[in-house]
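Residue-level listing of the chains:
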Amino acid sequence: MRYALLFLFAILSVSCQKEKTLTPQNIILGTWSSIDTTNQFTNNRGFEFFTDSIFEDKYGFHRENPHFISAENSKYGSNAYYIYFGTESKYTLSNDSLRLFNPATQKWSLCKVKKLTPDTLKIATDATHRYGGTFVKKTYKTDTIPDFDAVFLYSSPCFGISPVVTLLVKNNGDVLFSGRYSVKHLGLNKSKISKEGFNRIKERFKRADYMNLEESYAHNVTDGMLCVCIYFIKNNKIVKTVRDCGAQGPNELAWAYLPLIRIGQLHDMKELEIPTDIAKKFNIDTNSTDVMINMDVREKFDFLSRLSENL
């Protein structure tokens, strides 16, 4: 009987310790995805909170007003784009007060937490509707999802100031980036990212379970919406293609490609010259401001793949 009581006391002690660790500061850690269905873009919101008071806004941070470049200051003519500050920033949590720092505005947003449990986060809606809503905790098992060696992306023109880019990122860090509209770097450029940078890109798409995505998410989408085409490459072969228009796909898919579209703002870019033999093979006018303007998406991929062999 004595040993039975000691065993029961030990179990209760462990249980109490676990209860004590369920503080708001550790409950909020992890990834949260919006379940708001009022419109397709609102539903793409999400956060990820880390132990070092850093959080990720899955939308990323942008200046509210576009930055204009006059034709006099660019060989490509006038251009406008939203200055991008990445996806990570600082946060604090005290009782029911969640403070989020926006690096684009250099201001803190004070959010009232109406509910916080291990699986639900509800933030009171504010005047901007940027952070308010109901979110659910997400967990991911990506170890069994196959890797890819490179990812190709093309974003098409749409209404408004949205980036129109074609890019290829490889696991050796090579980045080929062609900006057509609404980007900081117009024209054909190259850059380099770290191994960790490519792994972050890969992990985001693996969280979206990229191999099991539908080939196209374009249901009930009107003209003028942002459309993104993505190719995943393994051993020099396209193993998966995905097209997402109007952010109709899973939240994790948008969370993966939105930072990729803006990769040109976070890394040094250098203009890339096209070798004569490649220009001839693809019938390119090297004096054109957009050498891929007459190519379809597959031709754009073939061109950047061939060009990447010379980096």
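Given the structure is predicted, the values throughout are model-derived calculations rather than measurements.

Draft legend 1. Representation of the environment of Val175. Tracing the backbone shows Val175 in strand S13 (residues 174-181). Between the C-alpha atoms of Val175 and Val151, which are 24 residues apart in sequence, the distance is 9.9 Å.

Draft legend 2. Broad picture of the pattern of salt bridges. Counting across every chain of the model gives 15 salt bridges. Arg204 serves as the salt-bridge partner of Glu56, at 3.0 Å between the closest nitrogen and oxygen. With Glu56 in strand S3 (residues 54-57) and Arg204 in helix H3 (residues 195-207), this pair connects stretches of sequence that are 148 residues apart. Glu56 gets classed as buried once you look at its relative accessible area, which sits at 7%. If you follow the salt bridges from partner to partner, you end up with Glu48, Glu56, Lys58, Glu203, Arg204 and Arg207 in one network.

Draft legend 3. A look at the sheet that holds strand S1 (residues 30-34). If you walk around this closed barrel you meet the eight strands as S1-S2-S3-S6-S7-S8-S9-S10, and the pairing is antiparallel. Across the sheet, the axes of successive neighbouring strands diverge by a mean angle of 35°, strand direction being ignored. Across the sheet, helix H4 (residues 251-261) is in contact with S1, strand S2 (46-49) and strand S10 (133-138); its angle to S1 comes to roughly 110°.

Draft legend 4. Structural view of the pairing of S3. As judged from the three bridges shared by S2 and S3, these two strands associate in the antiparallel manner. Counted as the bridge partner of Glu48 is Glu56 from S3. Adjacent in sequence and paired antiparallel, S2 and S3 are bridged by four residues, among which Ser53 carries a positive phi angle near 60°.

Draft legend 5. Focus on the side chain of Glu252. Tracing the backbone shows Glu252 in helix H4. Excluding residues that lie within four positions of it along the chain, Glu252 makes contacts with Lys138, Tyr140, Arg204, Arg207 and Ala208.

Draft legend 6. Layout of the packing of aromatic side chains. Summed over all chains, the structure comprises 19 aromatic pairs. Relative to Phe49, the ring of Phe47 has its centre 6.0 Å away and its plane inclined at 40°; by these criteria the two rings are tilted. By relative accessible area, Phe49 is classed as buried at 3%. Plain terms: the ring middles of Phe152 and Phe301 are 5.4 Å apart, the flat faces sit at 75° to each other, and that makes the pair edge-to-face. Within this pair, whereas Phe152 is found in strand S11 (residues 150-155), its partner Phe301 is found in helix H7 (residues 297-308), the two being separated by 149 residues in sequence. Of the residues examined, Phe152 reaches a relative accessible area of 0% and is grouped as buried. Above the face of the Phe101 ring, Lys90 is positioned so that its terminal group lies 4.9 Å from the ring centre.

Draft legend 7. The arrangement of the environment of Lys170 in detail. Here Lys170 is to be found in strand S12 (residues 164-170). For the pair formed by Lys170 and Val151, sequence separation is 19 residues and the distance between their alpha carbons is 6.6 Å. Once residues lying within four places of it in the same chain are set aside, the contact partners of Lys170 are Asp149, Ala150, Phe198 and Ser308.

Draft legend 8. View of the state of the cysteines. Inspection of the entire model under this criterion finds one disulfide. Across the disulfide, Cys227 is cross-linked to Cys245 (sulfur-sulfur distance 2.1 Å). Here the disulfide of Cys227 and Cys245 is right-handed, its torsion about the S-S bond being about 120°. With Cys227 in strand S16 (residues 227-234) and Cys245 in strand S17 (residues 237-245), the pair connects residues that are 18 residues apart, well separated along the chain. The class of Cys227 is buried, set by a relative accessible area of 13%.

Draft legend 9. Quick look at unusual backbone geometry. Phi angles above zero are rare outside glycine, and Gln106 is one such case at about 60°. Along the chain, the position of Gln106 falls in the loop between strand S7 (97-102) and strand S8 (107-116). Taking relative accessible area as the criterion, Gln106 reaches 56% and is therefore assigned exposed. For Asp209, which is not glycine, the phi torsion reads 55° and is therefore positive. Turning to its location among the elements, Asp209 is positioned in the loop between H3 and strand S15 (216-217).

Conventions adopted
Residues numbered from 1 in each chain as written. Predicted model: local features only at pLDDT ≥ 70, side-chain atom pairs only at ≥ 80, totals over all residues. Heavy atoms only, no water. Helix = DSSP H or I, 4+ residues; strand = E, 2+ residues; numbered from the N terminus. Salt bridge = Lys/Arg side-chain N within 4 Å of Asp/Glu carboxyl O. Buried < 20%, exposed > 50% of the residue type's maximum accessible area, 1.4 Å probe, protein only. Pairing = 2+ DSSP bridges. Axes fitted to C-alpha atoms, helices over the stretch in contact; angles between N-to-C directions. Contact = heavy atoms within 4.5 Å. Phe/Tyr/Trp six-rings, centres within 6.5 Å; stacked < 30°, edge-to-face > 60°. Lys NZ or Arg CZ within 6 Å of the ring centre and 35° of its normal. Disulfide = S-S within 2.5 Å.

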